Structures are given as structure tokens and as C-alpha cells.
Amino acid sequence: MPKVTFFPSKKTIKARPGQTVLQLSRVARVAIPTRCDGNAACLLCKVTIEKGTVSSLSASEERKLSERDRARGIRLACQARVLEEDLIVRVPESRLKSVVEKALERQRLEEEEW
Ligand code: FES
């Protein structure tokens, strides 16, 4: 039974071949944003497959993912299905979270200067 590990949360879950990365993220309680409920329409569920092989690109992914995305291992979590291999999947952190973290770091640095 293959295992899927999500980063940065480092949550690992056992998977059955054929399950989508999005389905597994829900079981593992890893937040991957969606608006189309897995219909390959919103493109919010992009993840990076860092290790392992998933199903071939779906027709929707072939139309909607750029060459650059594909070269970087980016897939739609709602379309990428687990095969027999273990996977490492990186879920992008939300932009809001990274903006807040940078602002807090800047504030910390300014306070140190005083
Ligand atoms: S959930 Fe909308 S594209 Fe995957």
C-alpha cells in the first residue's frame, strides 16, 4: 500500500492506487484550496509532486497546466492519482500566510535595531 506524505505539514497517509491526491489530502486533513470540487476547473489545487510517480496528465491538465508548471512537477491534486509508489507532495503555503510572515520578520528586525 503506497504512502503519501504532504509537505510542509509532514503528514503521511496510506493510499489505495487510484485515489486522487485531493481525496487523500482531505483524509489527512491537509488543506488544499478548491472551488470546483475536483472538476479541474478552478486550478486552485496545484501541488508539486516532489517524489514518486502519479497518473499521466489528464486531458484537462494537458489543456490547463503550462509547460513551465509541468516541467516543475506541478499537478492538479484533483486529477493526479496515486499509482503503486510512495509520494511526496508539496502543498504551496497560502500567499496570505507568507505575506504575514514576511511582515512579522520585518517588524522583528526593526525592533532589534532599536
Ligand atoms: S479542485 Fe479545482 S482544479 Fe482541482
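An unreviewed UniProt entry annotates the chain as 2Fe-2S iron-sulfur cluster-binding protein of Brevibacillus laterosporus.

Some remarks on the environment of Glu85
Checked against the element boundaries, Glu85 lands in the loop between strand S4 (74-76) and strand S5 (87-90). For Glu85, a relative accessible area of 37% puts it in the partly exposed group. Not counting residues up to four positions away in its chain, the partners in contact with Glu85 are Pro2, Lys3, Gly52 and Thr53. A distance of 3.2 Å separates the side chain of Glu85 from the side chain of Thr53, its partner in a polar contact.

As for the sheet that holds strand S2 (residues 11-14)
Strand order in the open sheet formed by 5 strands is S2-S1-S5-S3-S4, and the pairing between neighbours is mixed. Looking along the sheet, the strands with just one partner apiece sit at the ends: S2 and S4. With strand direction ignored, the average angle separating the axes of adjacent strands in the sheet is 35 degrees. Summarising the sheet, strand S3 (residues 46-51) and S5 pair through 3 bridges and their orientation is antiparallel. By the bridge assignment, Lys51 is partnered in S5 with Ile88.

A look at the pattern of salt bridges
Tallied over the full model, the rule gives 6 salt bridges. With a shortest N-O distance of 2.9 Å, Asp69 and Lys46 are connected by a salt bridge. One end of the pair, Asp69, is in helix H3 (residues 67-71); the other, Lys46, is in strand S3, and 23 residues separate them in sequence. Under the relative-accessibility criterion, Asp69 is labelled buried at 9%.

What about unusual backbone geometry?
For the bond from Phe7 to Pro8, the omega torsion is 5 degrees, close enough to zero to count as cis. Located in the positive-phi region is Arg29, a residue other than glycine, with phi close to 60 degrees. By relative accessible area, Arg29 is classed as exposed at 71%. At Ala40, a position not held by glycine, the phi torsion is positive, near 60 degrees. Looking at where Ala40 falls in the secondary structure, it is placed in the loop between helix H1 (21-27) and S3.

Reading guide: rules and limits
Residues numbered from 1 in each chain as written. Predicted model: local features only at pLDDT ≥ 70, side-chain atom pairs only at ≥ 80, totals over all residues. Heavy atoms only, no water. Helix = DSSP H or I, 4+ residues; strand = E, 2+ residues; numbered from the N terminus. Buried < 20%, exposed > 50% of the residue type's maximum accessible area, 1.4 Å probe, protein only. Contact = heavy atoms within 4.5 Å. Polar contact = N/O pair within 3.5 Å; in protein donor to acceptor, adjacent residues only side chain to side chain. Pairing = 2+ DSSP bridges. Axes fitted to C-alpha atoms, helices over the stretch in contact; angles between N-to-C directions. Salt bridge = Lys/Arg side-chain N within 4 Å of Asp/Glu carboxyl O.

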